[in-house]
Amino acid sequence: MPCALAAEQDLQKANPNNRVTWNYVYRTDEHFGPDIFRCPGLERSIPVGKTVYYRLIAPEDGTDDPGCDFTTKAGNYHVILIAAAAEDSLTTLLGLADRFHMKVFPALPLAPRDPAQPTRADPTHIGTLTTLTRRILQDYGVRLGRRDSLGGVYQPFELQMRQMTYTGGGEEDHPTLTVYAEQHEIVEQELPGKPILVSPYLDARKKVSFGATPQQVAQGFEALARTGVGIIAPQDSRGTGKVGLFWPDERDDPVDDRLKPVVGETTYGTAYHGSTRDYYRAMAQAREKMVQQGHQVELWANVEAFEPSATQPCGAQGTRGATDKDRLDTAVTMTGRYVSKVISYMWSDFFTCGAPPLADQIAGDWNRPIPVDGIHKGRGIQDGLEIRGYNLGATRISLSWEGLPAPRVLDVASVGWYDPAAVPGLPVGIQTVWVPVDWAEVPQDAWIRVEITSADGRAAAEPLHVHAT
């Protein structure tokens, strides 16, 4: 007998006027315990080979009444059928994370999409979505809540970071953010102290109507924070070609050849409202504002480890192909100053395709210098330049600007200062170096090119561009 019909017959045995008004399905490779059930009389698991189905029944108004009275008064109900697994993938993943001292953020149930506008979540289904979310998180809380490797949960409904509104009930509230907030309230109730991670994407292109400026993205960041998100890790969107990696003095430069399939033969300033660095700077400022208002939210950078197109795509679907470590290093340079963590993820075989694969490039070049910031700063009675980044010990700093006959090369070990100590608020691994600079020699308003080279001669993939003001 079909599961939907069986559920309706069981409900009508309790009261002949009970009705099933909607059926929902959800698929996962997890396995749940008995705490996913609220009303065992009508809810149950159904093992079929390597699949275990969980049948949940909830009032259509989303109340998920713990009284489980299906008899006294007839009602309308929603059936949620979960196709799950006999073995729990999440338990296995948490065990692996324990070994490597890592954190896992399993995904929340994905909201149904608005049929008229699929990029948005459909608020029509909030009641049932929150019921399913509550049941799964109750099960997590009992089975997994005390495990350190359970870092939080991931909000999988992807949206573009742009100008959005969320006030907590206003008519102008973005529908996806309304759905977010409802789910996030359940997380706070069932897994208190576990943050919600969301990873929206950016689109800085001028030629599309939905391209957003850094200021509009900052407004979107604030709206997201108001929904209860604890970690916002925007995709840098260079892998899709929707944002470019460039400095302010490079706006008139031609775009990277790998971006041309997306924006054409053009310059960075013509193609984009701003650079990756502009967007993360604006979001960092928005984060500080939200923290002052009581929203404890972190800003991470999610660096996309692929290219918009390639002659040899990495995955079976689409045209996106492998990138290289130099491009990833450049993305870290552009984002690392404004975030507390840099992440990347592999949703296809982008790290393992190609020759050599990206994973091997990283393993063989992990300790190359990667600067993220440079500022005019004195030390004692000397004026100078302070640089932050990764792997900065025993490096040489080369400074050049327009009109300078030859670069100024400074050895950190000989004339500078090196501090490997962690920098509060910045990603783990960030270090600090300082070298003396006579800023009186630098023309006002010049752009200084700061190149960093390791002791074995490896130069950072991307030099810093420091504005002399």
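Residues numbered from 1 in each chain as written. Predicted model: local features only at pLDDT ≥ 70, side-chain atom pairs only at ≥ 80, totals over all residues. Heavy atoms only, no water.

## Side note on the overall build of the protein
Right, on to step 1. Within the protein one finds 11 helices and 19 strands.
Right, on to step 2. Across its three principal directions, the C-alpha atoms of the protein cover 90 × 50 × 45 Å.
Right, on to step 3. Looking at the protein as a whole, 51% of its 469 residues are labelled buried.
Right, on to step 4. Relative to all contacts within the protein whose residues are 6 or more apart in sequence, the contacts with residues 24 or more apart total 71%.
Right, on to step 5. Entry remark: accessible area of the protein is about 22,000 Å², with carbon and sulfur atoms responsible for 51%.
Right, on to step 6. Charge centroids of the protein, computed over 45 positive and 59 negative side chains, lie 2 Å from each other. (Helix = DSSP H or I, 4+ residues; strand = E, 2+ residues; numbered from the N terminus. Buried < 20%, exposed > 50% of the residue type's maximum accessible area, 1.4 Å probe, protein only. Contact = heavy atoms within 4.5 Å. Areas by Shrake-Rupley, 256 points an atom, 1.4 Å probe, with all protein chains shown as cover. Lys, Arg positive; Asp, Glu negative; His and termini not counted. Charge placed at Lys NZ, Arg CZ, Asp CG, Glu CD.)

## A closer look at the state of the cysteines
Right, on to step 1. The full count for this structure, using the stated rule, is two disulfides.
Right, on to step 2. The partner cysteine of C39 in its disulfide is C68, sulfur to sulfur 1.9 Å. Residues C39 and C68 are joined by a disulfide whose S-S torsion is about -85°; by sign, that bridge is left-handed. Placement of the pair is C39 in the loop between β1 (19–27) and β2 (44–48) and C68 in the loop between β3 (51–59) and β4 (76–85), with a sequence separation of 29 residues. (Disulfide = S-S within 2.5 Å.)

## Some thoughts on the pairing of β4
Right, on to step 1. Taken across its 10 residues, β4 has nine buried, putting it largely inside the fold.
Right, on to step 2. Relative to β4, β1 runs parallel, the two being bridged by eight bridges. Paired with V20 across the bridge in β4 is Y77.
Right, on to step 3. Note that β3 and β4 share nine bridges and pair antiparallel. Bridged to L56 within β4 is I80. (Pairing = 2+ DSSP bridges.)

## Here's the deal with empty space enclosed by the protein
Right, on to step 1. Counted by the stated rule, this structure contains one cavity of 30 Å³ or more.
Right, on to step 2. By volume, the largest cavity is sized at about 40 Å³.
Right, on to step 3. Lining the largest cavity are N302, E304, A305, F306, Y345 and W347.
Right, on to step 4. Each residue belonging to the lining of the largest cavity can be placed in one class, and the counts come to four nonpolar, one polar and one charged. (1 Å grid on protein atoms, 1.4 Å probe; cavity = no way out; pocket = protein on both sides within 12 Å on 5 of 7 lines; lining within 4 Å. Points joined across faces, edges and corners; volume = space filled by probe spheres on them. Nonpolar A, V, L, I, M, F, W, Y, C, P; charged D, E, K, R; others polar.)

## Description of the packing of helix α8 (residues 276–292) against helix α9 (residues 325–335)
Right, on to step 1. Look at α8 against α9: their axes get within 8 Å of each other, and the N-to-C directions meet at 35°. Regarding α8 and α9, the two cross each other, and that crossing is right-handed. Of the residues in α9, those in contact with T276, R277 and Y280 of α8 are T333, M334 and T335. (Axes fitted to C-alpha atoms, helices over the stretch in contact; angles between N-to-C directions. Left-handed = near helix turned anticlockwise from the far one by under 90°.)

## Some remarks on the packing of aromatic side chains
Right, on to step 1. Within this structure, the stated rule accounts for eight aromatic pairs.
Right, on to step 2. Between F32 and Y54, the aromatic rings sit 5.5 Å apart at their centres with planes inclined by 75°, giving edge-to-face as the arrangement. Of this pair, F32 sits in the loop between β1 and β2 while Y54 sits in strand β3, placing them 22 residues apart in sequence. Like F32, the residue Y54 is buried in the burial classification. (Phe/Tyr/Trp six-rings, centres within 6.5 Å; stacked < 30°, edge-to-face > 60°.)

## Considerations on the environment of G429
Right, on to step 1. Take G429: it is sitting in the loop between β16 (417–419) and β17 (431–436).
Right, on to step 2. On the basis of relative accessibility, which here comes to 37%, the residue G429 falls in the partly exposed class.

## Considering the pattern of salt bridges
Right, on to step 1. For the structure on display, the rule yields 33 salt bridges.
Right, on to step 2. Notably, a salt bridge pairs K289 with E222, separated by 3.3 Å at the nearest N-O pair. Taken together, the residues span a long stretch of sequence, with K289 in helix α8 and E222 in helix α5 (residues 214–226) at a distance of 67 residues.
Right, on to step 3. We classify E222 as buried; its relative accessible area is 12%. (Salt bridge = Lys/Arg side-chain N within 4 Å of Asp/Glu carboxyl O.)

## Comments concerning a nonpolar patch on the surface
Right, on to step 1. Nonpolar side chains collect at one region of the surface, where L93, L96, F100 and M102 lie side by side and expose about 400 Å² of accessible area between them.
Right, on to step 2. Residue L93 is classed as partly exposed on the basis of its relative accessible area, which comes to 42%. (Patch = residues over 30% accessible without salt bridge, like charges linked within 9 Å, V, L, I, M, F, W, Y side chains within 5 Å.)

## Focus on the sheet that holds strand β8 (residues 196–198)
Right, on to step 1. An order of β7-β8-β9-β10-β11 is seen for the five strands of this open sheet, with the pairing classed as parallel. This sheet does not close on itself; its edge strands, each paired only once, are β7 (153–155) and β11 (341–343).
Right, on to step 2. Of the pairings in the sheet, the one linking β8 to strand β9 (residues 231–232) comprises two bridges and is parallel in character. In the strand pairing of β9, L197 is matched with I231.

## A closer look at α8
Right, on to step 1. An ideal rise of 1.5 Å per residue puts 24 Å on 17 residues; α8 measures up with 25 Å between its terminal C-alpha atoms.
Right, on to step 2. Where the residues of α8 are buried, they touch α5, β10 (298–302), α9 and β12 (370–376).
Right, on to step 3. Positive backbone phi, at 100°, marks G294, one or two positions downstream of α8. (Expected span 1.5 Å × (residues − 1).)

## Regarding a negative patch on the surface
Right, on to step 1. Side chains of E60, D61, D65 and D69 sit close together on the surface and give a patch of like negative charge.
Right, on to step 2. Tracing the chain through its elements places D61 in the loop between β3 and β4.

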